[in-house]
Amino acid sequence: SQELEQSPQSLIVQEGKNLTINCTSSKTLYGLYWYKQKYGEGLIFLMMLQKGGEEKSHEKITAKLDEKKQQSSLHITASQPSHAGIYLCGAPYLSGTYKYIFGTGTRLKVLA
Amino acid sequence: NAGVTQTPKFRILKIGQSMTLQCAQDMNHNYMYWYRQDPGMGLKLIYYSVGAGITDKGEVPNGYNVSRSTTEDFPLRLELAAPSQTSVYFCASSYGGLADNTDTQYFGPGTRLTVL
């Protein structure tokens, strides 16, 4: 079965520092979604990547999907306390189905 | 728009009790999903629905049942609660199917369930 592994599992950074979270798939991805979850709340969609080599940015967050479409990275520039939370990647289980899998999440803490 | 709403927010059940987790969306989305999130783990799909009257199993359907009589509502039923069902449950909806890779899911705030 397809799995998504995220690294690191947790991250503590000083405010203003840059950081990167990775999401690696055991199989080719047909789409990759990034979400943010604040503690005790639901998930909020950040961005979606579809094509190999694609890169998207929103404010200080940039996500990339590698050419082989098996790994994605999420990069935060000049982190702020508001970036704290759990970041999850998600992907359709198999092309053509409505099933969906998630990574185990990366817990980010930003120290002021 | 309220988006995706879930009730209750918290619930404690005794082993063997039953309950229904409610989920509603007001975005006229065709697709709805139920996930569970265990501590330190990602989300796992329990059941999903592609439209009123149509439901299907996800990764971890055992111990749960769903129904979809209207577009708006997608309740999740636990018949005989077990400690293994202690988790946070999230409902989500999307307009299109995720296999199209053109749409995203909107999540509810979650229901935190403890089975003792």
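Placed above this text is the structure.
Residues numbered from 1 in each chain as written. Chains lettered and ligands numbered in written order. Predicted model: local features only at pLDDT ≥ 70, side-chain atom pairs only at ≥ 80, totals over all residues. Heavy atoms only, no water.

1. Considerations on the overall build of chain A
Right, so step 1: A count of helical and extended segments in chain A gives zero helices and 11 strands.
Right, so step 2: When the elements of chain A are put in sequence order from the N terminus, they spell out β-β-β-β-β-β-β-β-β-β-β.
Right, so step 3: The globule rule puts the C-alpha radius of gyration for 112 residues at 13 Å, and the 13 Å found for chain A is close to it.
Right, so step 4: Principal axes of the C-alpha set define a box for chain A whose edges measure 45 × 30 × 20 Å.
Right, so step 5: Sequence separation of at least 24 residues holds for 54% of the intrachain contacts in chain A that already meet a minimum separation of 6.
Right, so step 6: Accessible surface computed for chain A: about 5500 Å², of which carbon and sulfur atoms make up 47%.
Right, so step 7: Side-chain charges in chain A split into 13 positive and 9 negative, and the spacing between the mean points of these groups amounts to 2 Å. (Helix = DSSP H or I, 4+ residues; strand = E, 2+ residues; numbered from the N terminus. Rg over C-alpha atoms; globule rule 2.2 N^0.38 Å. Contact = heavy atoms within 4.5 Å. Areas by Shrake-Rupley, 256 points an atom, 1.4 Å probe, with all protein chains shown as cover. Lys, Arg positive; Asp, Glu negative; His and termini not counted. Charge placed at Lys NZ, Arg CZ, Asp CG, Glu CD.)

2. As for the sheet that holds strand E7 (residues 64–66) of chain B
Residues and elements named next belong to chain B.
Right, so step 1: The four strands are arranged E1-E3-E8-E7 in an open sheet whose pairing can be described as antiparallel. The sheet is open, and its two edges are formed by strand E1 (4–7) and E7, each paired on a single side. Each strand axis lies, on average, 20° off the axis of its neighbour in the sheet, ignoring direction.
Right, so step 2: Relative to strand E8 (residues 76–78), E7 runs antiparallel, the two being bridged by three bridges. (Pairing = 2+ DSSP bridges. Axes fitted to C-alpha atoms, helices over the stretch in contact; angles between N-to-C directions.)

3. Describing the state of the cysteines
Residues and elements named next belong to chain A.
Right, so step 1: One pass over the structure, following the stated rule, counts two disulfides over all chains.
Right, so step 2: Linked covalently through their sulfurs, Cys 23 and Cys 89 form a disulfide whose S-S length is 2.1 Å. With the S-S dihedral at roughly 75°, the linkage between Cys 23 and Cys 89 falls on the right-handed side. A residue pair is termed long-range when its members are at least 10 positions apart, and Cys 23 in strand E3 (residues 19–25) and Cys 89 in strand E9 (residues 85–92) qualify at 66 residues.
Right, so step 3: Of the residues examined, Cys 89 reaches a relative accessible area of 0% and is grouped as buried. (Disulfide = S-S within 2.5 Å. Buried < 20%, exposed > 50% of the residue type's maximum accessible area, 1.4 Å probe, protein only.)

4. Thoughts on the pairing of strand E6 (residues 55–58) of chain A
All names here are of chain A.
Right, so step 1: In the sheet, E6 pairs with strand E7 (residues 61–65) via four bridges, with the strands oriented antiparallel. If you follow Glu 55 over to E7, its bridge partner there is Lys 64.
Right, so step 2: With antiparallel pairing between neighbouring strands as the criterion, E6 and E7 make up a hairpin whose turn holds two residues, including Glu 59 at a positive phi of roughly 55°.

5. A word on the nonpolar core
Right, so step 1: Within the largest apolar cluster, 21 residues are counted, with the highest numbers of intra-cluster contacts made by Leu 4, Leu 32, Trp 34, Leu 74 and Leu 108 of chain A.
Right, so step 2: Residue assignment for this core shows that the elements contributing at least two residues are E3, strand E4 (32–37), strand E5 (43–49), E7, strand E8 (71–76), E9 and strand E11 (106–111) of chain A.
Right, so step 3: Residues Val 4, Cys 23, Tyr 47 and Cys 91 of chain B belong to the second largest nonpolar core, which totals 19 residues. (Core = buried A, V, L, I, M, F, W, Y, C linked by side-chain atoms within 4.5 Å.)

6. What about the layout of surface pockets?
Right, so step 1: Considered as a void within the structure, the largest pocket measures approximately 610 Å³ in volume.
Right, so step 2: Around the largest pocket sit 28 residues that line it, and Gln 37, Ile 86 and Arg 107 of chain A together with Gln 37 and Arg 112 of chain B are the ones nearest its centre.
Right, so step 3: At the level of elements, E11 of chain A together with strand E9 (87–94) and strand E11 (111–115) of chain B are the ones that each hand at least two residues to the lining of the largest pocket.
Right, so step 4: Per-element tally for the lining of the largest pocket: the top contributor is E11 of chain B, with four residues.
Right, so step 5: When the residues that make up the lining of the largest pocket are grouped by side-chain class, the tally is nine nonpolar, 13 polar and six charged. (1 Å grid on protein atoms, 1.4 Å probe; cavity = no way out; pocket = protein on both sides within 12 Å on 5 of 7 lines; lining within 4 Å. Points joined across faces, edges and corners; volume = space filled by probe spheres on them. Nonpolar A, V, L, I, M, F, W, Y, C, P; charged D, E, K, R; others polar.)

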